[in-house]
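# What the coordinates show
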Amino acid sequence: MLGAIVAWACPVMAEPQQTASETPYPGITYTTWSDEAVPAHLYVIELDLTSNEIDLLATAEDQKGQTPSAFGAAVAASVVVNGDYFRPRGYVPAGIARGASETWSIGQDDARSGFVRFHRGVTRIEVDLSPPSELVEDLPEETAGAVGGRPMLMQGGTVETDFDCEDLEAMPCDSAPRTAVALSADRNTMWLIVVDGWQSGSIGMTADEVAAFADQLGAADALMLDGGSASALWLTDQVVSSPSDGVERPVANHIAVHTGVPVNGLLLGHVFEKEIDGPRIAGALVTLDDGRSKTYDGSMVWQFEVRPRWACVTATADNYHEATQCRDVPGDGAEKYASITMIPNDEYIDAGPGGEDGGSGPDGGTEPAADGGPDGDGSGGCGCRAGEGRPGWTAGVFLAVLVVLRQRCGVSTRRAMKRAKR
């Protein structure tokens, strides 16, 4: 009887099995999983971050408060999942949020929230998962999107097991609907995970179980996003998961995936001495971050055709200090000026770490205050653990069972309170 009580109080971890797989778009694999013993149904989007035919985006502040399907339709996405925890009034995210390369004016990073951030780099979409312990005030300029969440499920290949069971918002120790994002160690693969919950066919999963599943997929790092009635996966014009309320919930922000190869834009500009519209430096070699180079003739602009992304160019010239300029290049053939200013070597002052270098911008004038281009844009475990045998173990075990039962009653109460709140 004691064994039955312990088994009931500490159920075996879920072991989902894959039930179906398809590739709806290049770079995207969609799989479904099931564990009838729990029971739990799961949906997984696997993204090849090196694919040239997908891009990630997150909700901009003026797009907040939409269901995943409404947001997907609005931005012509192929995949959407819900994002961060939020306050329903005003759709204020719990953590930091950024979309369309602009950080929201509401919500900020704190010691409870982690976040996922991303931008398209030269050879892949660059994705990073930041744990709650790493606080940031300002996201890097190149960040295209960021969505908060908690808790971390995996870090550096290690599955997390210690969760705050008293977190009534994340409810990590309850079986519940879940959404999570996970990343491989080589940063070439990303997973979006959605778990149905609070239904007869799928009660959901605990944070422990989602973490173990992320590890099963091959992830090295994983972060939980908002769950409960907010959890939903929208794929190819339909909601493929089963939201716990029977319908989608409007949420603060989302992570979405665009598919297809976009039309390139143009990155272009001049090379000036000291300041924009200063003397032009003919013969300067301008090199794009993908290795392509052009020699600036001093009259016509240098230009590169670039896939829409954060792109950087570096100028070198005899007797001048090397300078770099970066811009977020738009698509559809649009132009983005990134003129570069260079400081003569005999005038360049390197103040060293923490100091201010010579020139009109950081690092000797690589970030001019204005760009002379026609567009005028120059802004420069909670769970059971086995113990060792000791005298008095019988009393200890029964005491532990009583504690577990008391905790489970508390969990049930908290779950009911949470459902009412949500």
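Before reading further, recall that the structure is shown in the block above.
## A closer look at the overall build of the protein
Within the protein, the secondary structure is distributed over five helices and 29 strands. Put simply, the protein shows about 19000 Å² of open surface, and 51% of that area lies on carbon and sulfur atoms.

## A few points about the sheet that holds strand 16 (residues 189-195)
Strand order in the open sheet formed by eight strands is 1-2-3-16-15-17-13-14, with antiparallel pairing between adjacent strands. Each end of this open sheet is capped by a strand with a single partner; those strands are strand 1 (17-25) and strand 14 (158-159). Contacts from helix 3 (residues 207-217) reach strand 2 (28-35), strand 3 (40-48), strand 13 (152-155), strand 14, strand 15 (178-183), strand 16 and strand 17 (221-224), with the element oriented near 35° to strand 13.

## Concerning the pairing of strand 5 (residues 79-82)
Regular strands place side chains that alternate from one sheet face to the opposite one. On strand 5, burial covers both faces: Val 79 and Val 81 on one face and Val 80 and Asn 82 on the other are all buried. The pairing of strand 5 with strand 18 (residues 233-235) spans three bridges and is antiparallel. The residue bridging Val 81 from the neighbouring strand is Leu 233, located in strand 18. Sheet topology places strand 5 next to strand 20 (residues 254-259); four bridges connect them, and they run antiparallel. By the bridge assignment, Asn 82 is partnered in strand 20 with His 254.

## Quick notes on the sheet that holds strand 27 (residues 323-329)
Read from one edge of the open sheet, four strands run 24-23-26-27, paired in antiparallel fashion. What marks the edges here is a single partner per strand, and that holds for strand 24 (293-295) and strand 27. Averaged over neighbouring strand pairs, the angle between their axes works out to 20° when direction is ignored. Where strand 23 (residues 285-288) meets strand 24, three bridges bridge the pair, whose relative direction is antiparallel. Each bridged residue has a counterpart across the sheet, and for Leu 285 the counterpart in strand 24 is Thr 295.

## Points about the nonpolar core
Counting 30 residues, the largest nonpolar core has Ile 45, Leu 47, Leu 56, Val 127, Met 190, Leu 192 and Ile 255 as the members making the most contacts within it. Look past the residues within four positions of Leu 56 in its chain and what remains in contact with it is Leu 47, Phe 118, Ile 125, Val 127, Met 190, Ile 255, Ala 256 and Val 257. Leu 153, Phe 163, Ala 182 and Ala 219 belong to the second-largest nonpolar core, a separate cluster that totals 26 residues.

## Brief notes about the packing of aromatic side chains
Tallying each qualifying case throughout the model produces three aromatic pairs. Sitting over the ring of Tyr 85, Arg 150 keeps its end group 4.8 Å from the ring centre.

## Topic: the pattern of salt bridges
The final tally for this structure, using the stated rule, is eleven salt bridges. Asp 55 serves as the salt-bridge partner of Arg 120, at 2.6 Å between the closest nitrogen and oxygen. Placement of Arg 120 in strand 10 (residues 114-120) and of Asp 55 in strand 4 (residues 54-58) is noted, with a sequence separation of 65 residues between them. Here Asp 128 and Arg 117 are joined by a salt bridge, their closest N and O atoms 3.3 Å apart. Within this pair, whereas Asp 128 is found in strand 11 (residues 125-130), its partner Arg 117 is found in strand 10, the two being separated by eleven residues in sequence. Where salt bridges share partners, they join Arg 112, Arg 150, Asp 167 and Glu 169 into one cluster.

## Here's the deal with unusual backbone geometry
Between Val 38 and the following residue, Pro 39, the backbone shows a cis peptide bond with an omega angle of -10°. Following the sequence through the fold, Pro 39 ends up in the loop between strand 2 and strand 3. The step from Arg 150 to Pro 151 runs through a cis peptide bond, and the omega angle for that step is -5°. Tracing the backbone through its elements, the reader meets Pro 151 in the loop between strand 12 (145-149) and strand 13. In this structure, Trp 198 is a non-glycine residue whose phi angle is positive, near 60°. Summarising the element assignment, Trp 198 is placed in the loop between strand 16 and helix 3. Judged by its relative accessible area of 18%, Trp 198 falls in the buried class.

About the cut-offs
- Residues numbered from 1 in each chain as written.
- Predicted model: local features only at pLDDT ≥ 70, side-chain atom pairs only at ≥ 80, totals over all residues.
- Heavy atoms only, no water.
- Helix = DSSP H or I, 4+ residues; strand = E, 2+ residues; numbered from the N terminus.
- Areas by Shrake-Rupley, 256 points an atom, 1.4 Å probe, with all protein chains shown as cover.
- Pairing = 2+ DSSP bridges.
- Contact = heavy atoms within 4.5 Å.
- Axes fitted to C-alpha atoms, helices over the stretch in contact; angles between N-to-C directions.
- Buried < 20%, exposed > 50% of the residue type's maximum accessible area, 1.4 Å probe, protein only.
- Core = buried A, V, L, I, M, F, W, Y, C linked by side-chain atoms within 4.5 Å.
- Phe/Tyr/Trp six-rings, centres within 6.5 Å; stacked < 30°, edge-to-face > 60°.
- Lys NZ or Arg CZ within 6 Å of the ring centre and 35° of its normal.
- Salt bridge = Lys/Arg side-chain N within 4 Å of Asp/Glu carboxyl O.

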